[in-house]
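Each chain, letter by letter, is given below.
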Amino acid sequence: MDQKVKVGLVQMSCTSGKEDNLKKTISKIREVAGQGAQIVCLQELFTSLYFCDVEDYDNFLLAETIPGPSTDSLSEVAKELNVVIIASLFEKRAQGLYHNTTAVLDADGTYLGKYRKMHIPDDPGYYEKFYFTPGDMGYKVFDTKYAKIGVLICWDQWYPEAARITALMGAEILFFPTAIGWASSQEVNTNTEQYNAWQTIQRSHAVANGVHVVSVNRTGDEGHMKFWGGSFIANPFGTVLYQAPHTEEENHVHELDLSKSDRYRTHWPFLRDRRIDSYTPITKRYIDEG
């Protein structure tokens, strides 16, 4: 039985104006919905510039509750357009407690819940540990009108354990809202190697789990960072079905046939042959005598 769903990707640049970014995003949601999109994924922290390039206490003012103002606005849009919206936001949970969080809104506008980013980086230009408490809700799947989806966020992309657990919970598509880029001082060869590594690890999640992967990144120059765009979709065997340009904004709608996961999983039965009795050591930081 066919199980086809059209996903919409919104790759865009942002400004310092939070309301302007939200309005721009909503206009782009309308564009992809007009092209038939049923599930729309937005990039990481789309309501602002990527503020984690510096440690600045004033940036905490960008945070909001979830549910809150942005999810209220997007819920109305989701209901009007009959689309699922995956919205990455800066969450204020309580005074002094903040998360990098993605909300999922169903096609009737219902708030289905949220996923809090589990893996928090701390690298030059990505000082996220200054802002975000690691997620404490575990991995999540959301049973939307069109498909059961899993959501992971940016740095989560590099961890096969996160993708595996989310897939084992029944996710039919893994979505990765993202904000990643190149330092403006880097050489082209380094840029190419980094992008290829980023895409390859996510394509491997598709293969290992027999699911489609949809990764949505931002684009544009922000400070010393050039966000590399390159949003893409991979099928359950890791084939790239679509890849956005690096330096341009782009909306894209693509139809996925989720029924193909069964064929991939039966012909290449990685899930069948998992030796779950042998994996206990994976919970250790490193396997040594210490």
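Residues numbered from 1 in each chain as written. Predicted model: local features only at pLDDT ≥ 70, side-chain atom pairs only at ≥ 80, totals over all residues. Heavy atoms only, no water.

Novice: Looking at this structure, I do not really get the packing of helix 1 (residues 18-34) against helix 2 (residues 69-81). What am I missing?
Specialist: Two packed helices can be described by the angle between their axes and the distance between those axes. Packing of helix 1 against helix 2 leaves a shortest axis separation of 11 Å and a crossing angle of 20°. Regarding the angle of helix 1 to helix 2, the classification is roughly parallel. When the axes of helix 1 and helix 2 are compared, the crossing they make is right-handed. Residue-level inspection shows Leu 22, Ile 26, Ile 29, Arg 30 and Ala 33 of helix 1 in contact with helix 2, the latter providing Ser 70, Ser 73, Leu 74, Val 77, Glu 80 and Leu 81. Grouping the amino acids of the contact of helix 1 with helix 2 by side-chain chemistry returns seven nonpolar, two polar and two charged. (Axes fitted to C-alpha atoms, helices over the stretch in contact; angles between N-to-C directions. Helix = DSSP H or I, 4+ residues; strand = E, 2+ residues; numbered from the N terminus. Parallel < 35°, antiparallel > 145°, perpendicular 65-115°, else oblique. Left-handed = near helix turned anticlockwise from the far one by under 90°. Contact = heavy atoms within 4.5 Å. Nonpolar A, V, L, I, M, F, W, Y, C, P; charged D, E, K, R; others polar.)

Novice: Explanation requested: the nonpolar core in the structure shown.
Specialist: Proteins that are soluble and globular tend to have nonpolar side chains buried together. Ranked by size, the top nonpolar core spans 58 residues in total, and within it Val 7, Ile 39, Phe 90, Ile 149, Ile 173, Phe 175 and Val 214 carry the most contacts. Here the element with the most residues in this core is strand 10 (residues 173-177); it accounts for four residues. With residues up to four places along the chain from it excluded, the contact list for Val 214 reads Val 7, Leu 9, Ile 173, Leu 174, Phe 175, Phe 176, Phe 232, Ile 233 and Leu 256. Formed by 23 residues, the second largest nonpolar core is a distinct cluster that contains Val 32, Ala 37, Ala 103 and Leu 105. (Core = buried A, V, L, I, M, F, W, Y, C linked by side-chain atoms within 4.5 Å. Buried < 20%, exposed > 50% of the residue type's maximum accessible area, 1.4 Å probe, protein only.)

Novice: What is the right way to look at the pairing of strand 4 (residues 97-105) in this model?
Specialist: Successive residues of a regular strand alternate their side chains across the two faces of the sheet. The buried fraction of strand 4 amounts to eight of the nine residues, a majority that puts the element mostly inside the structure. In the sheet, strand 3 (residues 84-94) pairs with strand 4 via nine bridges, with the strands oriented antiparallel. Bridge pairing links Leu 89 to Thr 101 in strand 4. Two strands pair when backbone bridges link them, and strand 4 and strand 5 (residues 111-116) are joined in this way by five bridges, in the antiparallel orientation. Residue Val 104 lies in a different strand from strand 5, and its bridge partner there is Gly 113. Once strand 4 ends, the chain turns through five residues before running back antiparallel as strand 5, passing Gly 109 with a positive phi of about 90°. (Pairing = 2+ DSSP bridges.)

Novice: What am I meant to see in the packing of aromatic side chains here?
Specialist: Two measures describe an aromatic ring pair: the distance that separates the ring centres and the angle between the ring planes. Per the counting criterion, the structure on display carries 27 aromatic pairs. For the ring pair Phe 60 and Phe 90, a centre distance of 6.3 Å and an interplane angle of 40° mean the geometry is tilted. Within this pair, whereas Phe 60 is found in the loop between strand 2 (39-42) and helix 2, its partner Phe 90 is found in strand 3, the two being separated by 30 residues in sequence. In this structure, Phe 60 and Phe 90 share a single accessibility class: buried. Ring centres 5.3 Å apart and planes at 85° place the aromatic pair Phe 90 and Phe 132 in the edge-to-face group. (Phe/Tyr/Trp six-rings, centres within 6.5 Å; stacked < 30°, edge-to-face > 60°.)

By themselves, these observations are geometric and do not establish any function.
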